[in-house]
Amino acid sequence: METSFHRWRKFKNVLMQVITCICAVLVIAPLGFIFYHLIQLGFSSLNLAFFTNLPKPVGESGGGMANAIVGTFELLGLAAVLGVPIGVLGGVYLAEYGGTRLKWWLRFGADVLNGVPSITWGMVVYAMVVMPMKGFSALAGAMVLGMIMIPLVMRNTEEILLLVPTGYREAALALGISHWRTILQIVLRTALKGIITGILLALARVAGETAPLLFTAMGNRFWNHHLSEPISALPLQIFSYAISPYEDWHRQAWAGALVLLLFVALVNVSVRVLTRDRLAQRK
């Protein structure tokens, strides 16, 4: 026969389940509202011209964001060339080499840099690159995004490498394999999916940055033909259109925001797919 104590325990269990469910819905609901709002205001402006045409002159309706879309991928590709090797190698050093005191300071520095506002990165690169080059450029924009990526990739790589069982390293060293080959052929290959996941998350993190690009890439209404020229990107184009007085540009800004959100969502789905096998193995 069920006692009052057992009924009270069941009541508390159900109550906590309801509370946690409500909290989960409250977390997800803003994202759903944002996505719905973007679809409602921006989907009507998505067409072939939006993805293939350049922006129209000021005051004219129509045109597209082809230059901004291509510029976004160009900046992300250049940023990855800078940020991924340095971040991965830095993570390898933290996980596999270095003294305790030095690694503590490197971790502390990376954590601090992860919390630095992106506009501060933009000001630093403006002083280091834009002013000496006497102009905004795609190179400066890619550099600031790459610098933001470095501490993110480094800390993620370290955490993933530390998950690789120590027995793998000991077995390889016992067979006479050198330390660097053990890291390259055993440790990194084992942690490859996790490292790629961290890289994709870092790319998704910097894909929507606007403030640092205002100080470095500046924006360009035409195609970029050289790394020393200003370049457009979706966040910059969205910002420019959003503050304009033209209604057609406002609609395209909503469409650009929708495209950017879909890109970030696609990256996150890719991350889930890459990590699915590893999560299943842990279970």
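Everything below is about the structure shown above.
All of the points below concern the structure found in this document. Worth saying up front: this structure is predicted, and the values here are computed from it rather than measured. Numbers given to residues run from 1 along each chain, matching the order in which its sequence is written. Reporting in this predicted model follows two pLDDT cut-offs: at least 70 for local features of residues, and 80 or more for side-chain atom pairs to be given and counted; totals over whole chains, interfaces and linings ignore these cut-offs and use all residues. Side-chain calculation: all heavy atoms of the structure are included, whereas hydrogens and water are not.

### Focus: unusual backbone geometry
For step 1, the next point in the chain: The phi dihedral of lysine 134 is positive, around 60°, even though this residue is not glycine.
For step 2, the next point in the chain: Only DSSP runs of H or I reaching four residues or more are called helices, and only runs of E reaching two or more are called strands; each is numbered from the N terminus. On the secondary structure map, lysine 134 appears in the loop between helix H5 (118-133) and helix H6 (138-163).
For step 3, the next point in the chain: One non-glycine residue, methionine 218, lies in the positive phi region at around 70°.
For step 4, the next point in the chain: Its place among the elements puts methionine 218 in the loop between helix H10 (211-216) and helix H11 (234-242).
For step 5, the next point in the chain: Residue methionine 218 is classed as partly exposed on the basis of its relative accessible area of 44%. Think of it in three bands: residues with accessible area under 20% of the maximum for their type are buried, residues over 50% are exposed, and the middle band is partly exposed, with areas taken using a 1.4 Å probe on protein chains only.

### Observations concerning the environment of cysteine 21
For step 1, the next point in the chain: In this structure, cysteine 21 sits in helix H1 (residues 4-42).
For step 2, the next point in the chain: Taking relative accessible area as the criterion, cysteine 21 reaches 47% and is therefore assigned partly exposed.
For step 3, the next point in the chain: C-alpha separation for the pair cysteine 21 and glycine 167, spaced 146 residues apart in sequence, amounts to 41 Å.

### Here we look at the side chain of threonine 157
For step 1, the next point in the chain: In this fold, threonine 157 is placed in helix H6.
For step 2, the next point in the chain: At 2.7 Å, the side chain of threonine 157 forms a polar contact with the backbone oxygen of valine 153. N or O atoms within 3.5 Å of each other form a polar contact, as long as, within protein, one can give a hydrogen and the other can take it, and as long as residues adjacent in sequence are counted only when both atoms are side-chain atoms.

### Considerations on the packing of aromatic side chains
Geometrically, a pair of aromatic rings is defined through the distance of the ring centres and the angle of the planes.
For step 1, the next point in the chain: Each Phe, Tyr or Trp ring (for Trp, its six-membered ring) is paired with any other whose centre lies within 6.5 Å, and the angle between the two planes then decides the class: stacked below 30 degrees, edge-to-face above 60, tilted in between. Counted by the stated rule, this structure contains ten aromatic pairs.
For step 2, the next point in the chain: Seen from their ring centres, tryptophan 8 and phenylalanine 11 are 5.6 Å apart, and the 25° between their planes marks the pair as stacked. With tryptophan 8 and phenylalanine 11 both in helix H1 and three residues apart, this pair spans about one turn of that helix.
For step 3, the next point in the chain: Here tryptophan 8 falls in the partly exposed class, since its relative accessible area comes to 46%.

### Digging into the state of the cysteines
For step 1, the next point in the chain: Here, the term disulfide refers to a pair of cysteine sulfur atoms separated by no more than 2.5 Å. By the definition in use, this model includes zero disulfides.
For step 2, the next point in the chain: Cysteine cysteine 21 shares no disulfide, and the gap to the nearest cysteine sulfur, in cysteine 23, comes to 9.3 Å.
For step 3, the next point in the chain: The class of cysteine 23 is partly exposed, set by a relative accessible area of 42%.

### Describing the side chain of asparagine 224
For step 1, the next point in the chain: Tracing the sequence through the fold places asparagine 224 in the loop between H10 and H11.
For step 2, the next point in the chain: Asparagine 224 gets classed as buried once you look at its relative accessible area, which sits at 17%.
For step 3, the next point in the chain: There is a polar contact of 3.0 Å between the side chain of asparagine 224 and the backbone oxygen of histidine 226.
For step 4, the next point in the chain: Aside from chain neighbours lying at most four places away, what touches asparagine 224 is Glu74, Ala138, Glu229, Pro230 and Ile231. Between two residues, a contact is recorded if the distance between any of their heavy atoms is within 4.5 Å.

### Some words on a nonpolar patch on the surface
For step 1, the next point in the chain: What goes into a patch is any residue over 30% in relative accessible area without a salt bridge, connected to like charges within 9 Å or, for nonpolar side chains (Val, Leu, Ile, Met, Phe, Trp, Tyr), within 5 Å. Reported accessibility uses the Shrake-Rupley method at a 1.4 Å probe radius. Residues are deemed covered only where the shown protein chains occlude them. When a carboxyl oxygen of Asp or Glu lies within 4 Å of a side-chain nitrogen of Lys or Arg, that pair is called a salt bridge. On the surface, Trp8, Phe11, Leu15, Met16 and Ile19 cluster together into a nonpolar patch covering about 500 Å² of accessible area.
For step 2, the next point in the chain: On the secondary structure map, leucine 15 appears in helix H1.
For step 3, the next point in the chain: By relative accessible area, which is 40% here, leucine 15 ends up partly exposed.

### Some points on the environment of valine 206
For step 1, the next point in the chain: The residue valine 206 is located in helix H9 (residues 192-207) in this model.
For step 2, the next point in the chain: Placed 58 residues apart in sequence, valine 206 and valine 264 show a C-alpha to C-alpha distance of 9.9 Å.
For step 3, the next point in the chain: Here valine 206 is in contact with Leu76, Leu145, Ile148 and Met149, once residues within four sequence places are set aside.

### Structural notes on the pattern of salt bridges
For step 1, the next point in the chain: Within this structure, the stated rule accounts for seven salt bridges.
For step 2, the next point in the chain: Its salt-bridge partner being glutamate 96, residue arginine 169 comes within 2.8 Å of it at the nearest N-O pair. Of the two residues, arginine 169 sits in helix H7 (residues 166-174) while glutamate 96 sits in helix H3 (residues 66-96), which places them 73 residues apart along the sequence.
For step 3, the next point in the chain: Residue class for arginine 169 comes out buried when judged on its relative accessible area of 14%.
For step 4, the next point in the chain: Judged by its relative accessible area of 14%, glutamate 96 falls in the buried class.
For step 5, the next point in the chain: Residue arginine 155 pairs with glutamate 158 through a salt bridge whose shortest N-O separation is 2.4 Å. Here arginine 155 pairs with glutamate 158, and both are found in helix H6, just three residues apart, close to one helical turn.
For step 6, the next point in the chain: A relative accessible area of 17% places arginine 155 in the buried class.
For step 7, the next point in the chain: A network of salt bridges, in which partner residues are shared, links Arg107, Asp111, Arg155, Glu158 and Glu159.

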